[in-house]
Each structure stands twice: as structure tokens, then as C-alpha cells.
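These are the residues of each chain, in order.
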Amino acid sequence: MSAMNRRTALLAGASLVATVFASPRRALAQAAPTGPFSLPPLPYAPAANEPHIDAQTMEIHHGRHHAAYVGNLNTLVKDHSQVAAMPLEQILAKLGEMPEAIRTGLRNNGGGHANHTMFWQVMGGKGGAPAGDLAAAVTRDLGGLDKLKADFNGAGARVFGSGWVFVTTDRAGKLALASKPNQDTPLMEGQHVLFGNDVWEHAYYLKYQNRRPAYLEAWWNVVDWAKVAERYAAAKAGSLKI
Ligand code: MN3
């Protein structure tokens, strides 16, 4: 083999190696769902909520569970251009008006997309306590932070099977506790979600197994109260969507 041919062969080999190693990522990108809905990136590293919520749970929860809701949602609206053009919060608020053939799918996957989009936003913090008018509202409407935690954890523990526990707010800033089965959300009743916690087993099983109350207790350590306060201000200003 001449020097030139040898060099060409080496380059071809290197190129083949590069293609083989690059292809899984390219295949994933090609397989990624396309459509009007997209998976928002995690706003922090998967390990940001350690030790309370492990990085692997965060990666699987965001990259597989939430991604699946988004992919399913895009598939559902593929042949329904009017639904595809609607903002998610309107689809959820008007579920009863959605085409019957995709209504249950929209409820489960649209709810799942909305719930998880909110969920990532309100975590990644260091816990502690709310401040300012949010703290005042927690005291006024929910009996203070300690009572809120006890009631919220109790409601989360009582969800049978899979579901969520939420604190909702209305435009006037009045707070209330709510729990929902599956991927239902108070958005389906025209309410605003201030924050919420996912009590599906996939949210905690790797680290906590069947100990859901321990997960509920630990979760408060990663709440980002500054982010919750931003959502509160947005809800009162009428600009909070999901
Ligand atoms: Mn989940």
C-alpha cells in the first residue's frame, strides 16, 4: 500500500468509527417526537436535588417519562390541526370540547406534560420558607408553613395509586390544597397551579421504594421558594400559563 493509499484507508477507518459512535445519538434525534409540543430542558443538573432526589431518578423521570408524554401528545394531535394550534393550558381547560377520539389521551398526556413542566420549575432549590406576600398568603389561607407541609404530605400519602398533590391559587392570590389522580391537574378546572409534587412511584421508587411519606417529607428540601414566588406573582398578574 502506498503512503497515500494507507493514509486514505486510515482516514476512511477513522470516519467509519466516528459514524458508528455518532449514530446512536443521531438515531435518537431522528426518533425524537416532532410536533407543536416539546420537552423543556431540566433547568438544573440532574444531581441538583441530591441527596433528597437522586440524579438517576431525575434523568429517567425527565428524559423518559416526561418525554413520553410529550411524544404521545404530538402523536395525538397529528391529525387534529385545530387542537395542535391551541396552547396546552387551553386544551386542558376545555377537555370536554376536544375530539372524543383523543380526549382521554389529551387528558393523560397533556396533563402529564403540564404537571411535569411545572414540577421541574419549582425544584432545584434549597427548601427553607417562602417570603413576602407568599408567606403571608400561606399563613392566611393554609395555616402557616408547618401546617401546609403536614396537610400537603397527608394528602400526598392518601393518593391511592398514582397522582399529584398541589397548591392552587386564584387570580386574587387565594391559596388552596388539592390532590388529583393520574395526570389530572387543577388546570382542568380552570385553576392555577402554584406548585405541586408528583407521587407516582416513578418519582421516588429508586431511592425510597415504598416509603412515599419519607419522599414527601424530603421533597420540601429541594423546593425553590423564589421560583414559587415568581409563579405566585405571575398568577396574580394573569400571566401564569402552566
Ligand atoms: Mn412523573
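If you're wondering where the values come from, they're calculated on a predicted model, not measured in any experiment. Residue positions are given per chain, counting from 1 as you read along its sequence in written order. Owing to the predicted nature of the model, reporting of local features is limited to residues with pLDDT of at least 70; listing and counting of side-chain atom pairs is limited to 80 or more, with chain, interface and lining totals taken over all residues. To get the side-chain values, all heavy atoms of the structure are used, and hydrogens and water are removed first.

Here's the deal with the pairing of strand β2 (residues 175–181)
We call two strands paired when DSSP finds no fewer than two bridges between them. Helix and strand definitions here come from DSSP, where helices need a minimum of 4 consecutive H or I residues and strands a minimum of 2 consecutive E residues; each element is numbered from the N-terminal end. Here strand β1 (residues 163–169) runs beside β2; their pairing, made up of seven bridges, is antiparallel. Bridge pairing in β2 places phenylalanine 166 opposite alanine 178. Connecting the antiparallel pair β1 and β2 is a turn made up of five residues, with glycine 173 showing a positive phi of about 95°.

Let's talk about the environment of proline 36
Its place among the elements puts proline 36 in the loop between α1 (3–31) and α2 (55–77). Between the alpha carbons of proline 36 and valine 83 there is a distance of 10.0 Å; along the sequence they are 47 residues apart.

Observations regarding the coordination of the manganese ion
Coordinating N, O and S atoms are those within 2.8 Å of the metal (3.2 Å for Na, K and Ca), and as water is not part of the atoms, a site may appear to have fewer donors than expected. Around the manganese ion, the protein contributes the donor atoms His61 (NE2), His116 (NE2), Asp198 (OD) and His202 (NE2), which lie 2.0 to 2.1 Å from the metal centre. Read in sequence order, the donor residues for the manganese ion give the motif H-x54-H-x81-D-x3-H. Of this pair, histidine 61 sits in helix α2 while histidine 202 is found in the loop between β3 (192–198) and α8 (205–208), placing the two residues 141 residues apart along the sequence. Exposure class is identical for histidine 61 and histidine 202. Each is buried. Under the scheme applied here, a residue whose accessible area is under 20% of the maximum for its type counts as buried, over 50% as exposed, and between as partly exposed, the area being computed with a 1.4 Å probe on protein chains only.

Considerations on the environment of phenylalanine 166
Here phenylalanine 166 shows up in strand β1. Exposure remark for phenylalanine 166: the relative accessible area of 0% places this residue in the buried category. Here the alpha-carbon distance between phenylalanine 166 and proline 186, two residues 20 residues apart in the chain, equals 8.2 Å.

Examining unusual backbone geometry
Proline 51 follows glutamate 50 through a cis peptide bond whose omega is 0°. Even without a glycine there, the phi angle at asparagine 182 is positive, about 55°. One can find asparagine 182 in the loop between β2 and β3.

Digging into the packing of helix α5 (residues 100–122) against helix α10 (residues 225–237)
Lines fitted to the C-alpha atoms define the axes, with helices restricted to the stretch that makes contact. Angles between their N-to-C directions range from 0 to 180 degrees. Interhelical geometry of α5 versus α10 gives an angle of 130° and a closest axis separation of 8 Å. Classified by the angle between their axes, α5 and α10 sit oblique to one another. Every residue of α10 that contacts α5 at Met118, Gln121 and Val122 is listed here: Lys227, Val228 and Arg231. A class-by-class count of the residues in the contact of α5 with α10 yields three nonpolar, one polar and two charged. Here the angle decides the label: under 35 degrees means roughly parallel, over 145 means roughly antiparallel, 65 to 115 means roughly perpendicular, and every other value means oblique. In this description, contact between two residues means that some pair of their heavy atoms is separated by no more than 4.5 Å. Residues are grouped as follows: Ala, Val, Leu, Ile, Met, Phe, Trp, Tyr, Cys and Pro are nonpolar; Asp, Glu, Lys and Arg are charged; all remaining types, including Gly, are polar.

Concerning the nonpolar core
Residues Leu148, Phe195 and Trp219 are the most contacted members of the largest nonpolar core, which totals 57 residues. At seven residues, α5 tops the list of elements feeding residues into this core. When sequence neighbours within four positions are dropped, the list of residues in contact with tryptophan 219 reads Ile53, Phe119, Val122, Met123, Phe152, Phe195, Gly196 and Asn197. Take the buried residues of types Ala, Val, Leu, Ile, Met, Phe, Trp, Tyr and Cys, join any two whose side-chain atoms come within 4.5 Å, and each joined set is a nonpolar core.

Digging into the sheet that holds β1
What links the strands of a sheet is backbone hydrogen bonding, and the strands pair in either a parallel or an antiparallel sense. Read across the sheet, three strands follow the order β2-β1-β3 without closing on themselves; strand pairing throughout is antiparallel. Edge strands, defined here as strands with exactly one partner in the open sheet, are β2 and β3. On average, each strand axis in the sheet is tilted by 25° relative to the strand beside it, whichever way the strands run. Here α10 sits on the sheet in contact with β1, β2 and β3, set at roughly 150° to β3.

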